[in-house]
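Coordinates in review
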Amino acid sequence: MTTPIDLRSDTVTKPSQQMRAAMAQADVDDDVIDIDPTVDRLQKKIAQLTGKEAALFVPSGTMSNQIGLRIHCRSGDEFICESQCHIYSYEQGAYASLSGLAVQLLPGEDGVLDPSQFIGTIKADNEHFCRTKLVCLENTHNRGGGRILPYDGVAEICHWAHDNGLATHLDGARLFNAVAASGIPAAQWAQHFDTVSICFSKGLGAPVGSALCGTTEMIAFARRHRKMLGGGMRQAGIIAAGALFALEHNLEQLHIDNQNAQQLAQTIRETEGLQLAGDRADTNIVMFDVSSRVGSPSALVAELESQNVRCLALGPTRVRLVTHLDVSNTQIDQACEILNQIVTNALTNDRKLTGSGAQY
Ligand SMILES: *Cc1c(COP(=O)(O)O)cnc(C)c1O
């Protein structure tokens, strides 16, 4: 059995031998009673990279975002975000259940909002309404197919927010993929936001963890709320060492993931019956739609799986491929060939791929 080419997510990476060695050798201490020295180093490093005063290591991107929301909003307040963003789509409505927040959704195009869409979104100071407090953006945008938000648009939206007394939070789970592709440093993106969340367990290849970055005061508040949410971790230096290793060794290779995604995107463009979503792949996520003449996305995913290529069906026509540290360029060549062959066979032999009523 050959190793599967796993393009389901960039979270599937396993720590390398060198990363494991760094983790095994990490200096540790109780990070709840005191400060774990390795966690401390990681927090300082990510704060420096994002140009913020301080950072907090947390178990997941979800916790990081949810604490971010609590920094800026109280129960009964409202935040504004794009309608397909992770905070709204994939965090179980935690903003409501954990923090009592309301959300105002703005529909983006592949995750991108135009600054003009924000005009008129702040509710009047009137006892009928909740208080609009925060704007959240996501860069790169996951459900938007790894889209890099246009830099000038981000700056304009955040200036508008601050001019109008709103705070700004960036879900930068894959900010470093945007950095690698755009050449714009993390701190330059981050300067527009009061708080920034970064994931180490995505393209950076660490096994666990995210960081929330902001002012010293915000991060002190975040530390209290991390404990309340059950995220106080004792000898967390063991996992922080993996994240630190990732920042020291894996930032440089992110452009390779982006290049591999370009190659998948090109194969999709050249394969009749497939349509590349938004006709582009900015970073390491590639989304495409499957023509009904080819069949259902879930049947295509099952056929790919039987030929050792793993990916996810994300909607009634949509499939997602994600490149990462643990897929080589040779495997990308293979995946391109297998995908093209399956789809071309289905079309030319009129053997439509059918089956399985999937849920997305
Ligand atoms: C993965 C992801 C998160 C959350 O990360 P978890 O560690 O899985 O909780 C947040 N935002 C975006 C855009 C993500 O892709």
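About the cut-offs
Each residue is numbered by its place in its chain's sequence as written, counting from 1. Two thresholds apply to this predicted model, a pLDDT of at least 70 for residue-level local features and 80 or more for giving and counting side-chain atom pairs, whereas whole-chain, interface and lining totals are computed over all residues. By convention in this description, side-chain values take in all heavy atoms of the structure and omit both hydrogens and water. Put simply, DSSP marks the helices as runs of H or I at least four residues long and the strands as runs of E at least two long, and each gets a number from the N terminus on. As a reference, a globule follows 2.2 Å times the number of residues to the power 0.38, and the radius of gyration itself is taken over C-alpha atoms. Buried residues are those whose accessible area, probed at 1.4 Å on protein chains only, stays under 20% of the maximum for their type, while exposed residues exceed 50% and partly exposed ones sit between those limits. Any pair of residues with heavy atoms lying within 4.5 Å of one another is described as a contacting pair. Here the accessible surface of atoms and residues is derived via Shrake-Rupley with a 1.4 Å probe, and residues count as covered only by protein chains that are part of the display. His is not counted, nor are the chain ends; Lys and Arg add positive charge and Asp and Glu add negative charge. A single reference atom marks each charge: NZ on Lys, CZ on Arg, CG on Asp, CD on Glu. Take the residue count of a helix, subtract one, and multiply by 1.5 Å to get its expected span. Domain delimitation in this document rests on an assignment produced automatically or drawn from a domain database. When two parts are brought into contact, each loses some accessible area as probed by a 1.4 Å sphere; the total of that loss over both is the buried area. Near is defined per residue: the residue qualifies when any heavy atom it owns lies within 4 Å of the molecule or strand. Whenever two N or O atoms come within 3.5 Å, that pair is a polar contact, provided that in protein one can donate a hydrogen and the other can accept it, and provided that, for residues adjacent in sequence, both atoms are side-chain atoms. Polar here means any residue outside two lists: the nonpolar Ala, Val, Leu, Ile, Met, Phe, Trp, Tyr, Cys and Pro, and the charged Asp, Glu, Lys and Arg; Gly therefore counts as polar. Any two strands with at least two DSSP bridges between them are considered paired. Axis geometry follows a simple rule: fit a line to the C-alpha atoms, using only the stretch in contact for helices, then measure angles between N-to-C directions, giving values from 0 to 180 degrees. In this analysis, rings of Phe, Tyr and Trp, with Trp reduced to its six-membered ring, are considered paired at centre separations within 6.5 Å, and the interplanar angle assigns stacked below 30 degrees, edge-to-face beyond 60, and tilted for intermediate values.

Right, let's talk about the overall build of the chain for a bit. Looking only at helices and strands, the chain has 13 helices and 13 strands in total. The C-alpha radius of gyration of the chain comes to 21 Å, within 12% of the 21 Å expected for a compact globule of 360 residues. Projected onto the principal axes, the alpha-carbon positions of the chain cover approximately 65 × 55 × 35 Å. Of all 360 residues assigned to the chain, the portion counted as buried reaches 55%. Look at the contacts in the chain between residues 6 or more apart in sequence, and 75% of them connect residues 24 or more apart. Carbon and sulfur atoms provide 49% of the accessible area of the chain, an area that totals close to 15600 Å². Taking the average place of the 29 positive charges on the side chains of the chain and the average place of its 40 negative ones, the gap between the two points comes to 5 Å.

Because an α-helix packs 3.6 residues into every turn, residues spaced three or four apart end up facing the same way. End to end, helix 3 (residues 61–72) covers 17 Å across 12 residues, agreeing with the expected 16 Å (1.5 Å per residue, within 8%). Most of helix 3 is tucked away, with 11 of its 12 residues classed as buried. Among the residues of helix 3, those classed as buried are Gly61, Met63, Ser64, Asn65, Gln66, Ile67, Gly68, Leu69, Arg70, Ile71 and His72.

How big an interface is tends to be stated in terms of the accessible area lost upon association of its parts. With domains assigned, the chain is organised as domain 1 (15–249) and domain 2 (252–348). Each of domain 1 and domain 2 was reduced to a C-alpha centroid, and the two centroids are 29 Å apart. Counting residues at the interface gives 17 residues for domain 1 and 16 residues for domain 2. Of the roughly 1400 Å² buried where domain 1 meets domain 2, counting both sides, 49% is carbon and sulfur surface. Considering only the side of domain 1, the residues that lose the most area to domain 2 are Arg147, Asn177 and Gly203, jointly responsible for 31% of the buried surface there.

With that out of the way, let us pick up the environment of Gly76. Mapped onto the elements, Gly76 comes out in the loop between helix 3 and strand 3 (77–82). The exposure class of Gly76 is partly exposed, given its relative accessible area of 33%. C-alpha of Gly76 to C-alpha of Leu101: the two residues are 25 residues apart in sequence and 5.4 Å apart in space. Residue contacts for Gly76: discarding those within four places in its chain leaves Gly100, Cys130 and Arg131.

Attention now moves to the site of the ligand. Within the structure, the ligand sits among 13 residues, and Gly61, Thr62, Asp171, Arg174 and Lys202 are positioned closest to it. One of the backbone nitrogen or oxygen atoms of Gly61 is found 2.8 Å away from an oxygen atom of the ligand. The contact in question runs from an oxygen atom of the ligand to an N or O atom on the side chain of Asn142, over 3.0 Å. Summarising the interface, the protein chains cover 84% of the accessible area of the ligand, which totals 370 Å² for the free molecule. The element contributing the most residues to the shell around the ligand is helix 3, with three residues. Within the shell around the ligand, the residues separate by chemical class into two nonpolar, six polar and five charged.

Okay, the sheet that holds strand 7 (residues 195–199) next. Pairing is mixed across the open sheet formed by seven strands, whose spatial order is 2-8-7-6-5-3-4. Two strands close off the open sheet at either side, each with one partner strand: strand 2 (54–58) and strand 4 (102–106). Averaged over all adjacent pairs, the angle separating strand axes in this sheet is 20°, with direction ignored. Of the pairings in the sheet, the one linking strand 5 (residues 131–138) to strand 6 (residues 167–172) comprises five bridges and is parallel in character. By the bridge assignment for strand 6, Cys136 is matched with His169. Contacting strand 5 and strand 6, helix 6 (residues 151–163) crosses the sheet at an angle of about 165° to strand 5. On the sheet, helix 9 (residues 216–228) packs against strand 2, strand 7 and strand 8 (210–214) and is oriented at approximately 20° with respect to strand 2.

Attention shifts here to the packing of aromatic side chains. Inspection of every chain in the model, using the stated rule, returns five aromatic pairs. Aromatic side chains Phe57 and Phe200 sit 6.2 Å apart centroid to centroid with 45° between the ring planes, which places their arrangement in the tilted category. Here the residue Phe57 occupies a position in strand 2, and Phe200 occupies one in the loop between strand 7 and strand 8, the gap between them amounting to 143 residues. With respect to burial, Phe57 and Phe200 carry one shared label: buried. Ring centres 5.3 Å apart and planes at 80° place the aromatic pair Phe79 and Tyr95 in the edge-to-face group. Here Phe79 is found in strand 3, whereas its partner Tyr95 is found in helix 5 (residues 94–97), with 16 residues between them in sequence. Taking relative accessible area as the criterion, Phe79 reaches 0% and is therefore assigned buried. Put simply, the rings of Phe79, Tyr88 and Tyr95 touch in pairs and so form one group of aromatic residues.

This next bit is on the sheet that holds strand 12 (residues 312–313). Pairing is antiparallel across the open sheet formed by four strands, whose spatial order is 9-10-13-12. Here the strands that pair on one side only, and so sit at the sheet edges, are strand 9 (274–276) and strand 12. Two elements, strand 9 and strand 10 (residues 285–290), share three bridges in a ladder whose sense is antiparallel. Looking across to strand 10, one finds that Gln275 is bridged to Asp289.

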